[in-house]
Amino acid sequence: MINKLISLHPDSTDLRLKKAAVNIELGQWEYAAEEYGRILAGNPKNLAARYYRAYTLVHLRQYGQARNDYEQLLAMAPLHFEGRMALASVLQMLNRTTDARDQLNQLVQLFPDSAMAYAARATFETEQKEYDTALFDWDEAIRRQPGNADFVVSKADILIKLGRNNDARQTLQQAIDNGIPRYALKEWIEKVKS
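Residues numbered from 1 in each chain as written. Predicted model: local features only at pLDDT ≥ 70, side-chain atom pairs only at ≥ 80, totals over all residues. Heavy atoms only, no water.

1. Let's talk about unusual backbone geometry
A positive phi angle, near 60°, is found at Arg 61, a position not held by glycine. Positionally, Arg 61 belongs in the loop between α4 (47-59) and α5 (63-76). One non-glycine residue with positive phi stands out, namely Lys 129, at about 60°. In this fold, Lys 129 is placed in the loop between α8 (115-127) and α9 (131-144). Overall, the relative accessible area of 60% leaves Lys 129 in the exposed class. (Helix = DSSP H or I, 4+ residues; strand = E, 2+ residues; numbered from the N terminus. Buried < 20%, exposed > 50% of the residue type's maximum accessible area, 1.4 Å probe, protein only.)

Below is the structure:
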């Protein structure tokens, strides 16, 4: 049906965006990327097409092209949170660790009240085995979203890896005191019992 409508209105960006979204839902990554490419050929400043084409290119493992799209997106919209986070992820996939770190640092600078910005950077630091720095960022994320069990267990997991079971126990107890259900933390509570 969308194809029929597009044949009647070939210049309709809205219809083409809808068609590409359906392609994504169906896992038809190549078709979605082509559709977004058609939109961008007519309007290179279309932020939605730029962002979602990069997204499809990641699924096609065309990381270099995805990086270009994310960078062009951020040149037009520097405060695009998801675009900056996605660019950092792509840079990691390309083994551009320093560039990924720079993007995550910018994310935190641009969105200092965002728990997700700190969590993204903490996840990266954890992967890099920069545990002390990651603990700081997990604390900042938890301070902004004290009810987020994922943040708490990520911090507790690092503390356990470092052999700091008492600190992990305190972190978990504080989370329970802040309203996180005990069952959500059960696995980590068991790890620090000994």
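So that's the structure; there's more coming.
2. Overview of the pattern of salt bridges
Applying the stated criterion across every chain yields a total of 17 salt bridges. One salt bridge connects Arg 101 with Glu 130, and the closest N-O pair in it is separated by 2.9 Å. In this pair, Arg 101 is assigned in helix α7 (residues 97-110) and Glu 130 in the loop between α8 and α9, connecting sequence segments 29 residues apart. What makes Glu 130 partly exposed here is its relative accessible area of 24%. Taken together, the shared-partner salt bridges in this structure form one network comprising Asp 157, Lys 161, Glu 187 and Lys 191. (Salt bridge = Lys/Arg side-chain N within 4 Å of Asp/Glu carboxyl O.)

3. Describing the packing of aromatic side chains
Following the criterion strictly, the structure yields seven aromatic pairs and no others. Note on Tyr 52 and Tyr 55: the rings are 6.3 Å apart at their centroids and 80° apart in plane angle, and the pair reads as edge-to-face. Of this pair, Tyr 52 and Tyr 55 both sit in helix α4, three residues apart, which is roughly one turn of that helix. For Tyr 55, a relative accessible area of 31% gives the class partly exposed. Put simply, the rings of Trp 29, Tyr 36, Tyr 51, Tyr 52, Tyr 55 and Tyr 70 pair up and form one aromatic cluster. (Phe/Tyr/Trp six-rings, centres within 6.5 Å; stacked < 30°, edge-to-face > 60°.)

4. Some thoughts on α5
Relative to the 20 Å expected for 14 residues at 1.5 Å per residue, α5 spans 20 Å between its end C-alpha atoms, a close match to the ideal helical length. If you follow the buried residues of α5, they end up packed against α4, α6 (81-93) and α7. (Expected span 1.5 Å × (residues − 1). Contact = heavy atoms within 4.5 Å.)

5. Looking at the layout of surface pockets
For the largest pocket, the calculated volume is near 170 Å³. What lines the largest pocket is Asp 139, Ile 142, Arg 143, Pro 146, Val 152, Lys 155, Thr 171, Gln 174, Ala 175 and Asn 178. Of the residues belonging to the lining of the largest pocket, the class tally is four nonpolar, three polar and three charged. (1 Å grid on protein atoms, 1.4 Å probe; cavity = no way out; pocket = protein on both sides within 12 Å on 5 of 7 lines; lining within 4 Å. Points joined across faces, edges and corners; volume = space filled by probe spheres on them. Nonpolar A, V, L, I, M, F, W, Y, C, P; charged D, E, K, R; others polar.)

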